[in-house]
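Listed here are the chains, written in short residue letters.
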Amino acid sequence: MNAKPSILVKGAGVAGMTAAVTLAERGGDITLVDRAGRIGAGASWMAGGMLAPWCEAESAPEEVTAQSVDSVDWWTAHVPDVTREGSLVLAPARDVGEIARFGRRTSHFTQVGGAEIAELEPDLAGRFQKGLFFADEGHVDPRRALEALGDRLRNLGGHAVLDDTPPDEGAFDWVVDCTGLDARQALDGLRGVRGEMLLLRCPDVVLHRPVRMLHPRIPVYIVPRADHVFMVGATMVESEDTGGMTVRSMMELLNAAWTLHPGFAEAEILETGVGLRPSYPDNMPRVRRDGRHVFVNGMYRHGFLLSPARAREAADLIFGAQS
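The following refers to the structure shown. Remember, predicted model here, so these are calculated numbers, not experimental data.

### What about the overall build of the protein chain?
Now for step 1: When helices and strands are counted, the protein chain shows nine helices and 16 strands.
Now for step 2: A compact globule built from 323 residues should have a C-alpha radius of gyration of about 20 Å, and the protein chain, at 20 Å, falls within 12% of that.
Now for step 3: With respect to the principal axes defined by its C-alpha atoms, the protein chain has extents near 65 × 35 × 35 Å.
Now for step 4: By residue count, 57% of the 323 residues in the protein chain fall in the buried class.
Now for step 5: Look at the contacts in the protein chain between residues 6 or more apart in sequence, and 77% of them connect residues 24 or more apart.
Now for step 6: Carbon together with sulfur atoms contributes 49% to the accessible area of the protein chain, which is approximately 13600 Å² in total.
Now for step 7: Placing the 33 positive and 44 negative side-chain charges of the protein chain at their respective mean positions leaves the two points 3 Å apart.

Below you can see the structure in the form of structure tokens.
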């Protein structure tokens, strides 16, 4: 086998992009393919980009936090514009009891009152009297991050084939499949979990970090991006429906934004989006080998959080087999 293995990476979502870059950094000759025609054409394009290992412990297995505590560092080292200002967890007055429940299931936070909330987010002054601040967390704009990983891959000598005529898999030493639900025939147990999002432009509101608005049914997050754009989303809808956003969902997302700050009432709706996140029954991403094929899949809601760890696992498997 070649000293520098040729590796075909299938899928240019967050799993595929992190795998391709990591494998190239380890010395692989990388060809990235995606039949959709561009980087980030799937669910990753709709993601919130929150790098929040401690917050995710509220509803995720302990392994998610243990395997993702260095994700902020990985993204900071690989793409520009990573924001490391922490995460803020709040709740409307009627649901304030949810904050205590969230705190019991998580760690690495500080309880904050009205004065501390106003100091962290001046535009929220006087609106909330209780919350949790996770200072060690961060976030990234998924679209800019994925494009930056594409640039990094090219700088490392890799190249992309972004059309519906991928190269012959038999010409490569290894094939790394990161195609999400498209890999169902090879992977048992995958299901789709629907994620819904809005992009709003609101010059009247400034936020410095993601805010999670707790709700007994579906927590909603509001993530600031550049140019007064905010991503509002909910990612735990147990459905494989790929249809457009429902009136109920849009009302819930808009109501969460308005509850956070009434200035969102005048926001411009730039985009609505729906995507299916590939997920295993236990909601944990996995790396699986079948001969010279390696599958990285089941990212659920942890794509940006856990993809660096899964990429390292795939690279260890391939380069361990090479030695």
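### A few points about the packing of helix H1 (residues 14-25) against helix H7 (residues 142-155)
Now for step 1: In contact at an axis separation of 10 Å, H1 and H7 are set at 25 degrees when each is read in the N-to-C sense. On the basis of the axis angle, H1 is roughly parallel to H7. Along this stretch, H1 crosses H7, giving a crossing that reads as left-handed. Note on element contacts: H7 touches H1 through Leu146, Leu149, Gly150, Arg152 and Leu153, opposite Val14, Met17, Thr18, Ala20, Val21, Ala24 and Glu25.
Now for step 2: Here the residues of the contact of H1 with H7 are counted per class, giving eight nonpolar, two polar and two charged.

### Digging into empty space enclosed by the protein
Now for step 1: Counted under the stated rule, the structure contains two cavities of 30 Å³ or more.
Now for step 2: Roughly 110 Å³ of internal volume is contained in the largest cavity.
Now for step 3: Every residue lining the largest cavity is counted, 15 residues in all, and those nearest its centre are Glu58, Arg212, Pro219, Met236 and Arg301.
Now for step 4: Put simply, the parts of the chain that give the lining of the largest cavity at least two residues each are helix H2 (53-56), strand E12 (220-224) and strand E13 (229-237).
Now for step 5: Per-element tally for the lining of the largest cavity: the top contributor is E13, with four residues.
Now for step 6: For the lining of the largest cavity, the per-class residue count stands at eight nonpolar, three polar and four charged.
Now for step 7: Taken as a whole, the second largest cavity holds about 50 Å³ of empty space.

### Focus: the packing of aromatic side chains
Now for step 1: Here the structure, examined in full by the defined rule, presents five aromatic pairs.
Now for step 2: Through pairs of rings, three or more aromatic residues link up here, namely Trp74, Trp75 and Phe304.
Now for step 3: Across the ring face of Trp45, the terminal group of Arg38 is positioned such that the distance to the ring centre comes to 4.5 Å.
Now for step 4: One cation-aromatic arrangement involves Arg286 over Tyr280; the distance from NZ or CZ to the ring centre is 4.2 Å.

### Remarks on the layout of surface pockets
Now for step 1: What the largest pocket holds in volume is close to 1000 Å³.
Now for step 2: Split by residue class, the lining of the largest pocket holds 26 nonpolar, 13 polar and eleven charged.

### Examining the sheet that holds strand E1 (residues 6-10)
Now for step 1: Strands sit in the order E8-E2-E1-E9-E16-E15 across an open sheet of six strands; the sheet is mixed. With one partner strand each, in any of the chains shown, strand E8 (159-161) and strand E15 (286-290) form the two edges of the open sheet. Here the average twist between neighbouring strands, direction ignored, is 20 degrees.
Now for step 2: As defined by bridge partners, E1 adjoins strand E9 (residues 174-177) across four bridges and the pair is classed as parallel. In the strand pairing of E9, Leu8 is matched with Val175.
Now for step 3: Those strands touched by H1 are E1, strand E2 (29-33), E9 and strand E16 (293-297), and its axis lies near 165 degrees from that of E2.

### Notes on helix H5 (residues 97-104)
Now for step 1: For H5, the set of buried residues is Glu98, Ile99, Arg101, Phe102 and Gly103.
Now for step 2: Where the residues of H5 are buried, they touch H2, strand E4 (87-90) and strand E6 (130-134).

### Digging into the pairing of E16
Now for step 1: Where burial is concerned, most of E16 is hidden: four out of the five residues are buried.
Now for step 2: Bridge analysis of E9 against E16 gives three bridges, and the strand direction is parallel. Residue pairing across strands places Val176 opposite Val294, the latter belonging to E16.
Now for step 3: In this structure, E15 lies alongside E16, joined through five bridges in antiparallel fashion. Note that in E16 the partner of Arg289 across the bridge is Val294.

### Observations regarding the environment of Thr106
Now for step 1: With respect to the helices, strands and loops of the structure, Thr106 is situated in the loop between H5 and strand E5 (110-113).
Now for step 2: Placed 52 residues apart in sequence, Thr106 and Trp54 show a C-alpha to C-alpha distance of 6.2 Å.
Now for step 3: Beyond its immediate chain neighbours, meaning those up to four positions away, Thr106 contacts Trp54, Cys55, Ala57, Glu58 and Phe134.
Now for step 4: For Thr106, the side chain forms a polar contact with the main-chain oxygen of Phe102, separated by 2.9 Å.

Criteria and thresholds
Residues numbered from 1 in each chain as written. Predicted model: local features only at pLDDT ≥ 70, side-chain atom pairs only at ≥ 80, totals over all residues. Heavy atoms only, no water. Helix = DSSP H or I, 4+ residues; strand = E, 2+ residues; numbered from the N terminus. Rg over C-alpha atoms; globule rule 2.2 N^0.38 Å. Buried < 20%, exposed > 50% of the residue type's maximum accessible area, 1.4 Å probe, protein only. Contact = heavy atoms within 4.5 Å. Areas by Shrake-Rupley, 256 points an atom, 1.4 Å probe, with all protein chains shown as cover. Lys, Arg positive; Asp, Glu negative; His and termini not counted. Charge placed at Lys NZ, Arg CZ, Asp CG, Glu CD. Axes fitted to C-alpha atoms, helices over the stretch in contact; angles between N-to-C directions. Parallel < 35°, antiparallel > 145°, perpendicular 65-115°, else oblique. Left-handed = near helix turned anticlockwise from the far one by under 90°. Nonpolar A, V, L, I, M, F, W, Y, C, P; charged D, E, K, R; others polar. 1 Å grid on protein atoms, 1.4 Å probe; cavity = no way out; pocket = protein on both sides within 12 Å on 5 of 7 lines; lining within 4 Å. Points joined across faces, edges and corners; volume = space filled by probe spheres on them. Phe/Tyr/Trp six-rings, centres within 6.5 Å; stacked < 30°, edge-to-face > 60°. Lys NZ or Arg CZ within 6 Å of the ring centre and 35° of its normal. Pairing = 2+ DSSP bridges. Polar contact = N/O pair within 3.5 Å; in protein donor to acceptor, adjacent residues only side chain to side chain.

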